[in-house]
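# Survey of secondary and tertiary structure
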Amino acid sequence: MSDRFFLYDDTIQAKTRFVSFMGEEQRHDLALIYSDRHYGKVIILDIQTNRFAIIGSDDLKEEGYLEFAFGISEEKAAELLDFLSEIIF
């Protein structure tokens, strides 16, 4: 068997925030992972749907990004955008 070739194999410190809130359209259960990786962006995990995205303030300005990344409707994305806009700068 050949040696495994890693592009990187790092162990880092990360801060994880768990947030659950009820919107008009649905309940949102999220894990937000903050680290020095990904150019200051936050890894957002939707615990209910097992989907995730690496999101920064530039991504929040992109029309349709949250709908695509999390596979949700425009209305649900608007709720999520409202919350994420408060915590992602």
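Structure shown above.
Cut-offs and rules
Residues numbered from 1 in each chain as written. Predicted model: local features only at pLDDT ≥ 70, side-chain atom pairs only at ≥ 80, totals over all residues. Heavy atoms only, no water. Phe/Tyr/Trp six-rings, centres within 6.5 Å; stacked < 30°, edge-to-face > 60°. Lys NZ or Arg CZ within 6 Å of the ring centre and 35° of its normal. Core = buried A, V, L, I, M, F, W, Y, C linked by side-chain atoms within 4.5 Å. Buried < 20%, exposed > 50% of the residue type's maximum accessible area, 1.4 Å probe, protein only. Helix = DSSP H or I, 4+ residues; strand = E, 2+ residues; numbered from the N terminus. Contact = heavy atoms within 4.5 Å. Salt bridge = Lys/Arg side-chain N within 4 Å of Asp/Glu carboxyl O.

With that settled, the discussion passes to the packing of aromatic side chains. Within the structure shown, the criterion is met by 1 aromatic pair. The aromatic ring of Y34 is capped on one face by K15, whose charged end is 5.6 Å from the ring centroid. R37 extends its terminal NZ or CZ atom over the ring of Y8, reaching a point 4.7 Å from the ring centre.

Turning our eyes to something else, we now look at the nonpolar core. The biggest cluster of nonpolar side chains holds 20 residues, and the ones touching the most others in it are L32, I44, I55, L66, F70 and L84. At the level of secondary structure, the elements contributing two or more residues to this core comprise strand 1 (15-22), strand 2 (27-34), strand 3 (42-46), strand 4 (51-55), helix 2 (65-70) and helix 3 (74-87). The element that contributes the greatest number of residues to this core is helix 3, accounting for 5 residues. Excluding anything up to four places from it in sequence, L32 contacts K15, T16, R17, V19, V42, I43, I44, F83, L84 and I87.

Moving on: the pattern of salt bridges. Two side chains bearing opposite charge may form a pair once their charged atoms approach each other closely. Using the criterion set out here, one finds 4 salt bridges in the structure. Shared partners join several salt bridges into a network, and the residues in it are K41, D58 and D59.

Another point: unusual backbone geometry. Positive phi is not limited to glycine here, since H38 has a value of about 60°. Among the structural elements, H38 can be located in the loop between strand 2 and strand 3. Backbone geometry at N50 places phi at a positive 60°, although glycine is not the residue there. Looking at where N50 falls in the secondary structure, it is placed in the loop between strand 3 and strand 4. By relative accessible area, N50 is classed as exposed at 69%.

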